[in-house]
Amino acid sequence: MTLPPQRTLRLSLAPLALCAAIAASLTAQTTNHDDHSRPQFFQKLVAAAIERTQHTVRYDPGYVAIAYPGGDVPAESGVCTDEIIRSYRAVGIDLQKDVHEDMVKHFAAYQPGLRQKRPDANIDHRRVPNLMVFFSRKGENLPVTDRAQDYSPGDLVTWNLTADQGGNRPHIGIVVDKKSEATGRYMIVHNIGEGPKMEDVLFDWKITGHYRYVPEGRNTTETLRHEEKQKKSAAN
């Protein structure tokens, strides 16, 4: 028996439709699962940032040759960017590697105002302007406002410390989930010269950037599993 052309076409398309439905279902499950894990990811990141305030760190902006990937300056030294690097690394994300790889591929995007002539894995991730470009390119570039409620735990904020003096001294910190009793604002973990501190300084200087970053294409559930493995390894 010969089937009508319309029925033959419907039968031939049926397996394709089934495959498409299965793929859509799997994509939705992955997306929903990852969306569910994002709050947990930022909770872990914030906890890592707050833990940094327990460390004694001497402010030292000097150039240091470090390992790559996974390199760090000596634990007892560092600058504002190092607190961001160390907080992210505690949840399994190596910003040294991520920033350097992006600069190697897209160096022209980083060049305006950049002092260096080529990518350098020792310092790329330790400069606030580089992090600003990287977070803009790879994360969420959020509005800069004067409303405290627009800044959430896990957000990254950059400032110009000397804007009122006509200067340009960049700084970076991370919003955490502890609120100031005086203002009700979320506080900031940062290192402005006296080691990592948690302070109510969100609006103390001119804000130049507001970002939120989870690595592109990285499943946050996998990142959290990596963190748990690190903790177990350290315990053993």
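You'll find the structure just up there.
Before going into details, it helps to say that this report is about the structure given with it. (Residues numbered from 1 in each chain as written. Predicted model: local features only at pLDDT ≥ 70, side-chain atom pairs only at ≥ 80, totals over all residues. Heavy atoms only, no water.)

The strands making up a sheet are joined through hydrogen bonds of the backbone, oriented either antiparallel or parallel. Strand order in this open sheet of six strands is β3-β8-β4-β5-β6-β7, and the pairing throughout is antiparallel. On the outer flanks of this sheet lie β3 (140-141) and β7 (197-199), each paired with one strand and no other. Two strands pair when backbone bridges link them, and strand β5 (residues 170-179) and strand β6 (residues 186-190) are joined in this way by four bridges, in the antiparallel orientation. Across the sheet, I174 pairs through a bridge with V189, a residue of β6. Sheet contacts for helix α2 (residues 80-90): β4 (156-160) and β5; angle to β5, the most-contacted strand, approximately 50°. Running at roughly 60° to β5, helix α4 (residues 128-138) makes contact with β3, β4, β5 and β8 (206-212) of the sheet. (Pairing = 2+ DSSP bridges. Helix = DSSP H or I, 4+ residues; strand = E, 2+ residues; numbered from the N terminus. Contact = heavy atoms within 4.5 Å. Axes fitted to C-alpha atoms, helices over the stretch in contact; angles between N-to-C directions.)

Within the secondary structure layout, P69 lies in the loop between β1 (58-59) and β2 (77-78). The class for P69 is partly exposed, based on a relative accessible area of 48%. With 31 residues separating them along the chain, P69 and H100 place their C-alpha atoms 9.4 Å apart. Beyond its immediate sequence surroundings of up to four residues, P69 is in contact with D94, Q96 and K97. (Buried < 20%, exposed > 50% of the residue type's maximum accessible area, 1.4 Å probe, protein only.)

Looking now at the pairing of β8. Pairing of β3 with β8 involves two bridges; the strand directions are antiparallel. Paired with N141 across the two strands is Y211, which belongs to β8. Looking at chain direction, β4 and β8 are connected through five bridges and run antiparallel. Across the sheet, T158 pairs through a bridge with G209, a residue of β8.

Relative to the helices and strands, N130 is located in helix α4. Between the C-alpha atoms of N130 and A109, which are 21 residues apart in sequence, the distance is 9.6 Å.

Look at helix α3 (residues 95-105) against α4: their axes get within 11 Å of each other, and the N-to-C directions meet at 80°. It follows that α3 is roughly perpendicular to α4 by the angle criterion. Of α4, the residues touching α3 (which contributes L95, D98, V99, D102 and M103) are N130, L131, F134, F135, R137 and K138. Looking at the contact of α3 with α4 residue by residue, the class counts come to six nonpolar, one polar and four charged. (Parallel < 35°, antiparallel > 145°, perpendicular 65-115°, else oblique. Nonpolar A, V, L, I, M, F, W, Y, C, P; charged D, E, K, R; others polar.)

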